[in-house]
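So the chains spell out like this:
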Amino acid sequence: MPCFTVHIRDEWLAVPCRDTTNTIRWLGHEALKRYVKNKPDNGGITAVKDTRFVVRRCQGLGLLDADDTVEDVLEDNDFVELGNDRMHLKYKNVEPSLSAYREPAEYISLDGNTLTSTDLVNLGRGLYKIKLTQEAERKVVQARELLDTIVKENKVVYGITTGFGKFARTVIPVSKLKELQENLVRSHSAGVGNPLSPERTRMLLALRINVLAKGYSGISLETLHAMIQAFNASCLSFVPEKGTVGASGDLAPLSHLALGLIGEGKMWSPKSGWADAKYVLEAHGLKPISLKPKEGLALINGTQMITSLGAEAVERAQAIARQADIIAALTLEVLKGTTKAFDSDIHSLRPHPGQIEVALRFRSLLDSDHHPSEIAESHRFCDRVQDAYTMRCCPQVHGVTNDTITFVQNIINTEINSMCHFFHCTQNCSTTNFRGETISGGNFHGEYPAKALDFLAIAVHELASISERRTERLCNPSLSELPAFLVNEGGLNSGFMIAHCTAAALVSENKVLCHPSSVDSLSTSAATEDHVSMGGWAARKALRVVEHVEQVLAIELLAACQGIEFLRPLRTTTPLEKVYDLVRSVVKPWIKDRFMSPDIEAVHRLLLDQKVWNVAKPYIDKYQTEYIPESRPGSPTAFSLEPPASPRKRVRHE
């Protein structure tokens, strides 16, 4: 018999439905009857039949018509919510965007040593489920056996048989060790703000599982398997984005993550939407985790929120940095710039890897012998000697961004596979046997990812800073030789005038966001934790900076493609024409003023999906693998290195 879970105020009620031809109105009345029956004062409801209400799905918050039949609009065990003017809909402001989730069929095996930032982002996107390697399971069991020995022998060990922080010297009786761990999770669930998105919460949970899979935390295999089951079912705790100082790990966010897993607080799944955690777990056939000694501490101590958000930031930064080179190359074509600044001989004299790589990409897109350009030919013999820095210095500016991204990615990947939990069962590096010793260390401190993500924000911002200046050159007729703001009938039409203002606003906002959060520290926990990293804010603002960079470059790409319209019928190089065609597949040329935000959003989506890179990459790869000789067309600055001919001596004839 179908059964539905109905949320009314703070109660969740199971309502069986023998006849699925009953209406949604009937379902609401049945739920209200059960609600009133359980309340001594009838819950303030005097007459069920006279009570006005609306019914919404918990997932997506779609409003259900009261006259629809249950079988037409609901499936067995769906979650719905009743509300009216006095019974507000509790979760309406936190509904996540992940509504089209499809359960993945493939798995990633976690061992705590081999996960990458790319893997983690893909796990967040719901592309894989998780399982443990056999070796990881063996290590987890071995570490737990050592911890159980500590408890049986009544040893005094911090976090297992003692309180936490300032209460480290308070010994806890064995009978209350489970309560100790539960209280830890509850009390530390003190975050505020909007919840992390489902994608980011999945990353957070996956990364915590990966760290515990190393086998040094003392977590039981039973608990770790329960976490994996929750991940694979996409049962995701409500994790507020604010509240970590990144010192003893990300205590507040990870506590909220653990709170849902023990059946408390709120949780979301594609099946239920937002609901009380115990009901979401029950809907998926799962049971709340029952914490064993030390397991609460094992679940909440580490830098996983900083690192998981950092993984997304660095992956997106890498994607937009590659595409920034393509966009800048297209702008250079529209502004009739020269490719001489990308000559390999120049960059071999200052051989930074990123600089060399960016110059090579420019040559692969603009090389006149490999990819003839009618636009380039049209100004081949002009008298311009050099271009502005925003074009000429792209290898130097974009290059250091690329090198910084590589540096940050190495740190994030190390952090992803590191044991950040402050207290662990230590293993002898030369053998596979545990030393049988517990050590309190400081691997929980978030300074490494915090500093790295501050570096990332500063470096990737420069892509937007230089892009905005190129957009200014495209829009300014005195610099571009194009119509003002890239539109005909200027005055009647404003064209890209305010799109450029938007780019300038985002660049200015980034300048504030690039102030390093990791230079700050506030002593916490009664001076026990007297130096902190502020890595949580470093990660969140790095993501905001990257998003702004993507949007600024989307505006430049739109402007460059619009500039191409005024150079027709001349064509640019083959790869850049492919980029132009891609943009025109989602945004038509700007003939007269229209609503511009959707155009920016559409091109931003192309960049997020890396479609600009995917279009140009085959041409870049081909150029690099075929070792085509570098073309060096003549220019006004060329001169001969041959020594001047000696003047002939005049011979006197007698």
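Residues numbered from 1 in each chain as written. Predicted model: local features only at pLDDT ≥ 70, side-chain atom pairs only at ≥ 80, totals over all residues. Heavy atoms only, no water.

Going by the annotation in an unreviewed UniProt entry, the name recorded for the protein is Histidine ammonia-lyase, with Sander lucioperca given as the source organism. Per its UniProt entry, the protein bears the Catalytic activity (unreviewed entry) comment "L-histidine = trans-urocanate + NH4(+)". Recorded in UniProt for the protein, the comment headed Sequence similarities (unreviewed entry) runs: "Belongs to the PAL/histidase family." (UniProt positions renumbered as here; feature names shortened; annotations may be inferred.)

Participant: Just give me the short version of the overall build of the protein, but keep the residues and values in it.
Facilitator: Helix and strand counts for the protein stand at 23 helices and 14 strands. Taking all 654 residues of the protein together, the buried fraction comes to 53%. Restricting the contact set of the protein to residue pairs at least 6 apart, pairs at least 24 apart contribute 76%. Summing over all exposed atoms, the protein offers an accessible surface of approximately 29800 Å²; the carbon and sulfur share of this is 51%. (Helix = DSSP H or I, 4+ residues; strand = E, 2+ residues; numbered from the N terminus. Buried < 20%, exposed > 50% of the residue type's maximum accessible area, 1.4 Å probe, protein only. Contact = heavy atoms within 4.5 Å. Areas by Shrake-Rupley, 256 points an atom, 1.4 Å probe, with all protein chains shown as cover.)

Participant: Tell me about the packing of aromatic side chains, and name the residues and values.
Facilitator: Across all of its chains, the model carries four aromatic pairs by this definition. Relative to Phe 455, the ring of Phe 407 has its centre 6.1 Å away and its plane inclined at 35 degrees; by these criteria the two rings are tilted. Here Phe 455 lies in helix α17 (residues 447-475) and Phe 407 lies in helix α16 (residues 394-416), a separation of 48 residues in the sequence. On the basis of relative accessible area, Phe 455 is assigned to the partly exposed category, the value being 39%. One Lys or Arg, Arg 202, reaches over the ring of Phe 231 and ends 4.4 Å from the middle of that ring. (Phe/Tyr/Trp six-rings, centres within 6.5 Å; stacked < 30°, edge-to-face > 60°. Lys NZ or Arg CZ within 6 Å of the ring centre and 35° of its normal.)

Participant: How would you summarise unusual backbone geometry if you had to cite specific residues and measurements?
Facilitator: In this structure, the amide linkage connecting Arg 568 to the following residue, Pro 569, adopts the cis form with an omega of 15 degrees. The phi dihedral of Phe 485 falls on the positive side, at around 60 degrees, and the residue is not glycine. Mapped onto the elements, Phe 485 comes out in the loop between α18 (477-480) and α19 (497-513).

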